[in-house]
Amino acid sequence: MRIIAINNIPYFTQNRYNAPVNSAKHLAPTTQNQMPDIFIKSPEVTFCANTSAGNPLKRLRNISCPYYGTKMLSGALIHRVEQRLDQAPTIGEAVEVLSHYTEYMQKTERAMYEKFKNYSKEFPQKTLPQYLQELYNDSLTKLKLEEFFVLDDVDYLSRGLTPETAFALRGKITRCREVILQNNQEDTFKRKTLLNSLDEIKLKPEEKELFEKIKDKALYLPTSGSSENAFVVKYANRSHQEIAKRILRASVATIEHIKPDSLGGENKLSNFILASSSANSYRSNMPLDKYIEMFPDIPANCQKYINEIITCIHRGALRGNETYPYEVKKTLKKESNGKIILDLSRYKYTEGKAIRKVTRYLENKHKKRTND
């Protein structure tokens, strides 16, 4: 799943299901002085994809994320907020700016904001890095435990594999544990590297189903968007402004491929929804039905999303795209294997009427161009 932030406000990410990396060399045994940098810290990157057909969605405002259910920020709004945060050099001032946008915050970011707010009551003149540095050691220890809990589950599931496959998997997991135990003052290993490396293990046909469960379990490795401890560890050495901006960047509205472009998803409005950058990033090109297993509220949140879209259309938005609710309903149902079935009963246009409205719109548009 590729991310295009609305109004060119980028969101940076790395995750599972991204472009393959040559992870074998990073998981191979090394000496203590040859720790693989990719596990410790790698530069953040942004991804691009063709989403031009999703342009009509970019004009919508105050829409809830169909994955997480929270309201999303437009690129224009986040730009204005970040300008204000640039002028807020202390934790007290940053909290004051952020306090007006709590309804947009994702779960982990909201929890961090509450920590910032409580700390600012006693130390309003300190900075966000100073506070995160105070939390760092404890958070790093807790993060390592979170990671080990997930890896323990992976090890347990590996007992159902053949000895050869289990040995190959255990070798990669053991290497990950070694990296996690290093007391490096930066990020711990990137789960993307582990998850991509699992695809290198040769499987027997009868092992594929269990191995998919193993990979799904590994998806629960903590990230800065899913774990407060990972957030602290990742951003403790970042600038005050970057940390403050990170709280809301997770909520920026982006164009999301329902069927990932890397899996053949087309550049069509019927294949697009608006989704928060964190939800878009976390999913990457994960199959939608798998994503629902991790976040069971997605079907209800998609219904909330389409209800808001319908309200926008009733108010005159998405002109020439009145068939969108019907089209996206079909795509979501197909890509979720029937787990998402939208109710369009509140939509005032039948599918036939919506088609006629789109047809008339295109005819009038063509006629206007001809006359001009």
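Everything here concerns the structure above.
Throughout what follows, the structure given in this document is the object of discussion. A quick note: this is a predicted structure, and the numbers were derived from the prediction, not measured.

1. Regarding the packing of aromatic side chains
Move 1: Taken as a whole and judged by the stated rule, the model has 12 aromatic pairs.
Move 2: On the numbers, 5.0 Å between centres and 35 degrees between planes, the contact of Tyr119 with Phe123 is tilted.
Move 3: Its relative accessible area of 32% is what places Phe123 among the partly exposed residues.
Move 4: Relative to Tyr349, the ring of Tyr347 has its centre 5.4 Å away and its plane inclined at 85 degrees; by these criteria the two rings are edge-to-face.
Move 5: Here the guanidinium or amino end of Lys217 rests over the ring plane of Tyr220, the centre of that ring lying 5.7 Å away.

2. Brief notes about the pairing of strand β3 (residues 272-276)
Move 1: Here β3 lies mainly inside the structure; 5 of its 5 residues are buried.
Move 2: Across 5 bridges, strand β2 (residues 253-257) lies against β3 in antiparallel orientation. Opposite Thr254, over in β3, you have Ala275 as the bridge partner.

3. Overview of the nonpolar core
Move 1: If you look at the biggest cluster of nonpolar residues, it comprises 59 residues, and the most contacted ones within it are Leu57, Tyr67, Ile309 and Tyr324.
Move 2: The element contributing the most residues to this core is helix α15 (residues 298-314), with 8 residues.
Move 3: When neighbours within four sequence positions are excluded, Leu57 is seen to be in contact with Ile255, Leu269, Phe272, Ile273, Leu274, Tyr305, Leu318 and Tyr324.
Move 4: Core analysis: the second largest hydrophobic core is formed by 35 residues, Leu73, Phe116, Tyr131 and Ala244 among them.

4. Considerations on unusual backbone geometry
Move 1: Its identity is not glycine, yet Ser284 carries a phi of approximately 50 degrees, on the positive side.
Move 2: Within the secondary structure, Ser284 is located in the loop between α13 (277-283) and α14 (288-294).
Move 3: Located in the positive-phi region is Leu318, a residue other than glycine, with phi close to 55 degrees.
Move 4: In this structure, Leu318 sits in the loop between α15 and α16 (324-335).

What counts and what doesn't
- Residues numbered from 1 in each chain as written.
- Predicted model: local features only at pLDDT ≥ 70, side-chain atom pairs only at ≥ 80, totals over all residues.
- Heavy atoms only, no water.
- Phe/Tyr/Trp six-rings, centres within 6.5 Å; stacked < 30°, edge-to-face > 60°.
- Buried < 20%, exposed > 50% of the residue type's maximum accessible area, 1.4 Å probe, protein only.
- Lys NZ or Arg CZ within 6 Å of the ring centre and 35° of its normal.
- Helix = DSSP H or I, 4+ residues; strand = E, 2+ residues; numbered from the N terminus.
- Pairing = 2+ DSSP bridges.
- Core = buried A, V, L, I, M, F, W, Y, C linked by side-chain atoms within 4.5 Å.
- Contact = heavy atoms within 4.5 Å.

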